[in-house]
Amino acid sequence: MPLPGETTCSLMVRIAARYGMEAKTLRSGWKWHNSAPTYDSGGQRADAEVLFNAAGRRLLADVCGVAPGVLARALPSWEQEDARLLAGKDAAGPAAAWRAGGALVGPVAFGCRLCTARRTGASTAVVRYAPRWERVCVRHGRWLLDADADQPLEHLDVRALPEVAASQRRCAGVARRAVRAGAGPERVFALSHAVVARWREQAYGWEREKIWPRRLHQVAGGDAGGDLERWRIVGRDTVVFPEVVAVADALPDPAMAELVWADSGAGRPRALPADGLFCRRLGERVGRGWLGPLAATDHGGPLIAWMGSVIRLRRGVGGPPGYDNDLWWLRREHQAVTWPGS
């Protein structure tokens, strides 16, 4: 059976294993129109995805013994198509094309093998589509890593960091509050991630920052040791996740927007102060009462850009649609670099 959100390629690998064969043997039943995406090192990408024509989908459904409707509900890429599969003399036979899952549907991560074993009876690798705010397996205390990086780890152990699991439990409520504020949760979390990732870049010079180094050593097994730079990349999103959730909870809060408006002088415009109420309160909400002045002076960052949008909207001077009058517009230069490029 397919797992919710699983990539079609991941399902095919599991089916082949169930029949005691290699995945490439199973794939020989389809005509392939291109080669599988690979890492620079030459191995097949874990986030590789497969698209089928209609005959190809029927064949996989038959091999699985699962109704096509079930596969359509579970596999996000199931009904997507590739132009190469829709024309020509081979269109009627089972045909397939490779794509990179991240470019097709969205972020791709490894699944929890322990959860997979509970559901299928086999502890095998699973790759699934999952936004970066749904990466914690609360049951088993695992942070599930991106599947697009050429590295051997599938997860990080966060059992010693209960605040990570607690933040994951908060996410559903944060998402609902974002919707009530008229924003898509994915946009709110993306902006919040950009804000916190920016802080993380600056935190190496913050003498009072003790939380993130402690978490980093925990996810590295107790001590990042001489491999500190690698762990800073591998563990970044895990380490900052509680703060990302806290910021995502704060930004759609109307009371926080009122603080921005007050800091701006409301009807009597003034420059945003370094000790403004909004940044001070935001620092408190992420557990760092000292952070406010640092956040307030980070000109050119995503947080100040968001505050500017709040102020412009209140003053009725927003720009063209999709930019200055959109609170959740994340400018390209503000987007956090994702691993493996981080």
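Thresholds applied
Residues numbered from 1 in each chain as written. Predicted model: local features only at pLDDT ≥ 70, side-chain atom pairs only at ≥ 80, totals over all residues. Heavy atoms only, no water. Helix = DSSP H or I, 4+ residues; strand = E, 2+ residues; numbered from the N terminus. Buried < 20%, exposed > 50% of the residue type's maximum accessible area, 1.4 Å probe, protein only. Contact = heavy atoms within 4.5 Å. Areas by Shrake-Rupley, 256 points an atom, 1.4 Å probe, with all protein chains shown as cover. Lys, Arg positive; Asp, Glu negative; His and termini not counted. Charge placed at Lys NZ, Arg CZ, Asp CG, Glu CD. Core = buried A, V, L, I, M, F, W, Y, C linked by side-chain atoms within 4.5 Å. Pairing = 2+ DSSP bridges. Axes fitted to C-alpha atoms, helices over the stretch in contact; angles between N-to-C directions. 1 Å grid on protein atoms, 1.4 Å probe; cavity = no way out; pocket = protein on both sides within 12 Å on 5 of 7 lines; lining within 4 Å. Points joined across faces, edges and corners; volume = space filled by probe spheres on them. Nonpolar A, V, L, I, M, F, W, Y, C, P; charged D, E, K, R; others polar. Polar contact = N/O pair within 3.5 Å; in protein donor to acceptor, adjacent residues only side chain to side chain. Phe/Tyr/Trp six-rings, centres within 6.5 Å; stacked < 30°, edge-to-face > 60°. Lys NZ or Arg CZ within 6 Å of the ring centre and 35° of its normal. Parallel < 35°, antiparallel > 145°, perpendicular 65-115°, else oblique.

## Quick word on the overall build of the protein chain
Point 1. Counting its secondary structure elements, the protein chain contains 15 helices and 8 strands.
Point 2. In the protein chain, buried positions account for 48% of the 342 residues.
Point 3. For the protein chain, the share of sequence-separated contacts (at least 6 apart) that also reach a separation of at least 24 residues comes to 68%.
Point 4. Just so you have it, the protein chain exposes about 16200 Å², and 52% of that area is on carbon and sulfur atoms.
Point 5. Taking the 47 positively charged and 36 negatively charged side chains of the protein chain as two groups, their mean positions are separated by 4 Å.

## Things to note about the environment of Leu75
Point 1. As for its placement among the helices and strands, Leu75 is situated in the loop between helix H4 (68-74) and strand E3 (95-100).
Point 2. Overall, the relative accessible area of 1% leaves Leu75 in the buried class.
Point 3. Counting along the chain gives 87 residues from Leu75 to Pro162, while the straight-line C-alpha distance between them is 31 Å.
Point 4. Filtering out sequence-adjacent residues up to four positions away, Leu75 remains in contact with Pro2, Glu6, Thr7, Thr8 and Leu11.

## Side note on the nonpolar core
Point 1. Counting residues in hydrophobic clusters, the biggest one holds 60 residues, and the most contacted among them are Trp199, Phe278, Leu303 and Trp306.
Point 2. The dominant element in this core, judged by the number of residues it contributes, is helix H11 (residues 236-250), at 9 residues.
Point 3. Those residues in contact with Trp306, other than ones at most four positions away along the chain, are Leu191, Leu251, Val260, Phe278, Leu327 and Trp328.
Point 4. Judged by nonpolar contacts, the second largest core, of 20 residues, contains Leu11, Ala16, Ala23 and Leu60.

## Some words on the sheet that holds strand E2 (residues 48-52)
Point 1. Spatially, the 3 strands line up as an open sheet ordered E1-E3-E2, and their pairing is mixed. Pairing within the sheet leaves two strands with one partner each, and these edge strands are strand E1 (31-32) and E2.
Point 2. The pairing of E2 with E3 spans 5 bridges and is antiparallel. From the neighbouring strand, Leu51 faces E3, where its bridge partner is Ala97.
Point 3. Taken strand by strand, helix H1 (residues 8-18) contacts E1, E2 and E3, and its axis lies near 90° from that of E2.

## With respect to the layout of surface pockets
Point 1. Within this model, the largest pocket holds a volume of roughly 470 Å³.
Point 2. Around the largest pocket, the lining is made up of 21 residues, and of these Pro107, Arg132, Glu186, Ala190 and His193 lie nearest the centre.
Point 3. Mapped onto the lining of the largest pocket, the elements with two or more residues apiece are helix H8 (185-202) and H11.
Point 4. Looking at which element gives the most residues to the lining of the largest pocket, the answer is H8, with 5 residues.
Point 5. Among the residues forming the lining of the largest pocket, the class breakdown is 14 nonpolar, 4 polar and 3 charged.

## As for the side chain of Asp237
Point 1. Following the sequence through the fold, Asp237 ends up in helix H11.
Point 2. For Asp237, a relative accessible area of 15% gives the class buried.
Point 3. A polar atom in the side chain of Asp237 sits 2.9 Å from the side chain of His193.
Point 4. Residues within four places of Asp237 in sequence aside, it is in contact with Arg132, Trp143 and His193.

## Examining the pairing of E2
Point 1. Judged by how many residues are buried, E2 sits mostly within the fold: 5 of 5 residues are covered.
Point 2. Covered by surrounding structure in E2 are Ala48, Val50 and Phe52 together with Glu49 and Leu51, the residues of both alternating faces.

## A word on the packing of aromatic side chains
Point 1. One pass over the structure, following the stated rule, counts 8 aromatic pairs.
Point 2. Ring centres of Trp306 and Trp328 lie 6.2 Å apart, and the angle between their planes is 40°; on these two criteria the pair is classed as tilted. In this pair, Trp306 is assigned in helix H15 (residues 302-315) and Trp328 in the segment after H15, connecting sequence segments 22 residues apart. Side by side, Trp306 and Trp328 carry an identical accessibility label, which is buried.
Point 3. Through pairs of rings, three or more aromatic residues link up here, namely Trp30, Phe52 and Trp78.
Point 4. Above the ring of Trp231, the side-chain terminus of Arg230 is found at 5.0 Å from the ring centroid.
Point 5. Taking the ring centre of Trp212 as reference, the NZ or CZ of Arg288 above it sits at 4.8 Å.

## Looking at the environment of Asp40
Point 1. Within the fold, Asp40 resides in the loop between E1 and E2.
Point 2. Sequence spacing of Asp40 and Ala257 is 217 residues, and the spatial spacing of their C-alpha atoms is 45 Å.

## Some thoughts on the environment of Gly235
Point 1. Inspection of the secondary structure puts Gly235 in the loop between helix H10 (228-234) and H11.
Point 2. Judged by relative accessible area, which is 0%, Gly235 ranks as buried.

## Considering the packing of helix H12 (residues 254-263) against H15
Point 1. Two elements in contact, H12 and H15, have axes separated by 9 Å at closest approach and are oriented at 80°. In this view, H12 runs roughly perpendicular relative to H15, as classed from their interaxial angle. Contacts between H12 and H15 involve Ala257, Glu258, Val260 and Trp261 on the former and, on the latter, Trp306, Met307, Val310, Ile311, Arg314 and Arg315.
Point 2. Across the contact of H12 with H15, the residue classes tally to 7 nonpolar, no polar and 3 charged.

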